[in-house]
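A structural walkthrough
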Amino acid sequence: MEDLWEYHAKWITLAGRRYLLMPLTVKAKKAGAKGRSYTQYYISLPKRLARELLGERLPEPGSEGVPITVLATKAPWHHLLDWATLPTEDLPERIAKEIKALTLDNPNKPITLIPADPERLRQLGLDPDRPITLEDIEEAIKRKVLAEAPTQ
């Protein structure tokens, strides 16, 4: 499983800031204090990725740590495969489009994500709950411009 994480770790740019895009695993561990027992959930970051994210100044065990910003969602099964070596022709359209939009099929290709107001996307005829590519936005803007153009 570690090899899959290595494959998917790539830099993305969102709102002008670089983030690492990677699937990680949420793990559970039993913890307790003052006679009470509870489950604590945590995410482990492989050392190579921690170094890439934080540089050589990694926190020491037991320290307060280093705050990081995380954008997280549950990784679907298709985010855990190496799509550079697998065919996408027989996949459902939505999954194939998501793989292409996130460039999971080309791990060396850089990607920039554009934050957008979901309502503005709907006004362009796009569904913000589905994968959207730059080509989709370009096409939607062309349609809008042509629809608003005065007819002669």
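This structure is a prediction, so every number in the text was calculated from the model and none was measured.

**Remarks on the overall build of the protein chain**
- A tally of helices and strands in the protein chain yields 5 helices and 5 strands.
- At 20 Å, the protein chain has a C-alpha radius of gyration far larger than the 15 Å of a compact globule built from 152 residues.
- Across its three principal axes, the protein chain shows a C-alpha extent of roughly 80 × 35 × 30 Å.
- Buried positions account for 22% of the 152 residues belonging to the protein chain.

**As for the pairing of strand 1 (residues 10–14)**
- In strand 1, alternate side chains face the same way, and those of Lys10, Ile12 and Leu14 are buried while those of Trp11 and Thr13 on the opposite face are not.
- Judged from the 5 bridges that link them, strand 1 and strand 2 (residues 17–21) form a sheet pairing that is antiparallel. Its bridge partner being in strand 2, Leu14 is matched across the sheet by Arg17.
- Direction of pairing for strand 1 relative to strand 5 (residues 111–113): parallel, over a ladder of 3 bridges. When the sheet's bridge partners are listed, Thr13 is paired in strand 5 with Thr112.

**A short note on the side chain of His79**
- Here His79 lies in the loop between helix 2 (47–54) and helix 3 (93–101).
- The exposure class assigned to His79 is buried, which follows from its relative accessible area of 15%.
- Within the structure, His79 has its side chain in polar contact with the side chain of Glu98 (distance 2.7 Å).

**Some thoughts on the pairing of strand 4 (residues 36–43)**
- Taken together, the 8 bridges between strand 3 (residues 26–33) and strand 4 define a ladder with antiparallel strand orientation. Bridging across to strand 4, Lys27 finds its partner in Tyr42.
- Where strand 3 folds back onto strand 4 in an antiparallel hairpin, the turn is made up of 2 residues, including Lys34, whose phi is positive at roughly 55°.

**Some remarks on the confidence of the model for the protein chain**
- Per-residue confidence for the protein chain averages 86 on the pLDDT scale, and 94% of its residues sit at or above 70.
- Across the protein chain, the element-wise mean pLDDT spans from 51 in helix 1 (residues 2–8) up to 94 in helix 4 (residues 118–123).

**Here's the deal with the sheet that holds strand 2**
- What the 3 strands build is an open sheet, ordered 2-1-5; its pairing is mixed. Every other strand in the sheet has two partners, leaving strand 2 and strand 5 as the edge strands with one partner each. The mean inter-strand angle of the sheet, taken between neighbouring strand axes irrespective of direction, is 35°.

**Structural notes on the nonpolar core**
- Residues Ile12, Leu14, Tyr19, Trp83, Leu91, Ile95, Ile99, Leu102, Leu104 and Ile111 constitute the largest nonpolar core, which totals 10 residues.
- Those elements giving two or more residues to this core turn out to be strand 1 and helix 3.
- Tyr19 has contacts with Lys10, Trp11, Ile12, Leu14, Thr69 and Leu71, leaving out every residue within four places of it along the chain.

**Description of the environment of Thr85**
- Note that Thr85 resides in the loop between helix 2 and helix 3.
- Separated by 3.1 Å, the side chain of Thr85 and the backbone oxygen of Asp82 make a polar contact.

**So, the pattern of salt bridges**
- Tallied over the full model, the rule gives 5 salt bridges.
- Where Glu52 meets Arg48, a salt bridge forms, and the shortest distance between an N and an O atom there is 3.1 Å. Of this pair, Glu52 and Arg48 both sit in helix 2, 4 residues apart, which is roughly one turn of that helix.
- A relative accessible area of 33% means that Glu52 is categorised as partly exposed.
- Residue class for Arg48 comes out partly exposed when judged on its relative accessible area of 37%.
- Among the ionic pairs, Glu148 bridges to Lys144, the shortest N-O distance being 3.6 Å.

What counts as what
- Residues numbered from 1 in each chain as written.
- Predicted model: local features only at pLDDT ≥ 70, side-chain atom pairs only at ≥ 80, totals over all residues.
- Heavy atoms only, no water.
- Helix = DSSP H or I, 4+ residues; strand = E, 2+ residues; numbered from the N terminus.
- Rg over C-alpha atoms; globule rule 2.2 N^0.38 Å.
- Buried < 20%, exposed > 50% of the residue type's maximum accessible area, 1.4 Å probe, protein only.
- Pairing = 2+ DSSP bridges.
- Polar contact = N/O pair within 3.5 Å; in protein donor to acceptor, adjacent residues only side chain to side chain.
- pLDDT = per-residue confidence, 0-100.
- Axes fitted to C-alpha atoms, helices over the stretch in contact; angles between N-to-C directions.
- Core = buried A, V, L, I, M, F, W, Y, C linked by side-chain atoms within 4.5 Å.
- Contact = heavy atoms within 4.5 Å.
- Salt bridge = Lys/Arg side-chain N within 4 Å of Asp/Glu carboxyl O.

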